[in-house]
Amino acid sequence: MQDRTVSAAGDVLHLTGPVLVDDARVEPEAWVLGGRITFERPRHGGAVTEITGTVVPGLVDVHCHVGLDSGGATDRDLAVKQATLDRDAGTLLIRDAGSPLDTAFVHEREDLPRLIRAARFIARPKRYLRHYAREIEPSELTAVAADEARKGDGWIKLIADWIDRDHGDLAPLWTPEELRDALEAVHRIGARATAHTFAEEAIQPLLDAGIDCIEHGTGMTEEHMRVAAARGIPVVPTLLQVDNFTGYADAGEAKFPRYAERMRAMHGRRYEQVRAFHEAGVPLLVGTDAGGTLGHGLLPQEAAEMVRAGIPAADVVAAASWRARAFLGADTLTEGASADLVVYAEDPRERIAALADPAHVVLRGARVA
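Notes on the structure follow. Worth saying up front: this structure is predicted, and the values here are computed from it rather than measured.

## Describing the pattern of salt bridges
The full count for this structure, using the stated rule, is 26 salt bridges. Here Arg-41 and Glu-29 are joined by a salt bridge, their closest N and O atoms 3.4 Å apart. Linking Arg-41 in strand S7 (residues 41-43) with Glu-29 in the loop between strand S4 (25-27) and strand S5 (30-33), this pair joins segments that are twelve residues apart in sequence. What makes Arg-41 partly exposed here is its relative accessible area of 38%.

## Re the sheet that holds strand S8 (residues 48-51)
Each strand in a sheet pairs with its neighbour through backbone hydrogen bonds, running either in the same direction (parallel) or in the opposite one (antiparallel). Judged by pairing direction, the sheet is mixed, and its four strands sit side by side in the order S6-S5-S2-S8 without closing on themselves. Two strands close off the open sheet at either side, each with one partner strand: strand S6 (36-38) and S8. Taking each pair of neighbouring strands and ignoring which way they run, the sheet shows an average axis angle of 25°. In the sheet, strand S2 (residues 12-15) pairs with S5 via three bridges, with the strands oriented antiparallel. What sits directly across from Leu-15, in S5, is Ala-30.

## Some words on helix H3 (residues 176-189)
End to end, H3 covers 20 Å across 14 residues, agreeing with the expected 20 Å (1.5 Å per residue, within 8%). On its buried face, H3 sits against helix H2 (141-151), strand S16 (155-159), strand S19 (192-197) and helix H4 (203-209). Positive backbone phi, approximately 95°, marks Gly-190, located one or two places after H3.

## Focus on unusual backbone geometry
Following Gly-17, the chain continues to Pro-18 via a peptide bond in cis, the omega torsion being 5°. A positive phi angle, near 75°, is found at His-216, a position not held by glycine. Relative accessible area serves as the criterion here: at 2%, His-216 is assigned to the buried category. Of note in the backbone geometry, Asp-289 takes a positive phi value of approximately 60° without being a glycine. As for its placement among the helices and strands, Asp-289 is situated in the loop between helix H9 (270-280) and strand S22 (290-292).

So, how was this worked out
- Residues numbered from 1 in each chain as written.
- Predicted model: local features only at pLDDT ≥ 70, side-chain atom pairs only at ≥ 80, totals over all residues.
- Heavy atoms only, no water.
- Salt bridge = Lys/Arg side-chain N within 4 Å of Asp/Glu carboxyl O.
- Helix = DSSP H or I, 4+ residues; strand = E, 2+ residues; numbered from the N terminus.
- Buried < 20%, exposed > 50% of the residue type's maximum accessible area, 1.4 Å probe, protein only.
- Pairing = 2+ DSSP bridges.
- Axes fitted to C-alpha atoms, helices over the stretch in contact; angles between N-to-C directions.
- Expected span 1.5 Å × (residues − 1).
- Contact = heavy atoms within 4.5 Å.

This is the structure in structure tokens:
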């Protein structure tokens, strides 16, 4: 291994490894110099701090809502606290899957996770949670989707289905034609779209329109999974959120018994559904759905739920780190990349519970937790 001469100013971190780069590459050791990763041993006149343990690229929560709580938008201070909880649990990159708060200010904070924003949820009036979404009429969808794509960081978030009170059950919000036109507009801008969906009826129109990612996916059939696998469309199972389905059913049963029955059925097969995704070859990513009804910092618990469903721990670790980074177009631990990483005393590929106990969290080369 070659030597690299660096300035004597500032500390160097020596990561004794193993260092997990991606599915094909594990390095025995690495160093952090000037906030960046190198695999070349440095010559350094200053302090060198040795950090022992399994090194994983900073975890990625691909379904997280910074700046959102049960009443809608939070203030900035609470949004910072939410992001800090995620950071301290090892989540160093967040795809914010919709927020009523403009969280662009997070980009300016070196102490907070990197953020990829989907701007504001898009839904129809009275067809989603109050104070969360930009509520529009179907005729506005294409223009609004393009507008939100320009406001965000390359993503939009559609609410594809929700309870229809006249129907008494889940139902799609948009026609296939409306979805097609909207996604074409988003893609022309160079952005991508993800969609909240619980119901089976909403999936095929999304696939036909060219959706880029699916959230929850509790209603997907084997044929839907086959198509998603063939096209490389990831699903984010959000098992912690799906575990709340029985509570939603109880709350709605008096007025909407069909809805309640469906929600309980999807809850009952939630682990089977995730195993089916995996067996079909659907790419799986890890998202907590934090914000609203769920707290922040829960990515280790979400990962453990996916293992409980039958996904190998090594695949879940990959899905929560380098595979998610590749999908989002973000750096992993390659030469010269920003040192955004988490170190564990135990290898989480062997025991997923290790994710809940990070020994060191390093963001932009600085130990933050």
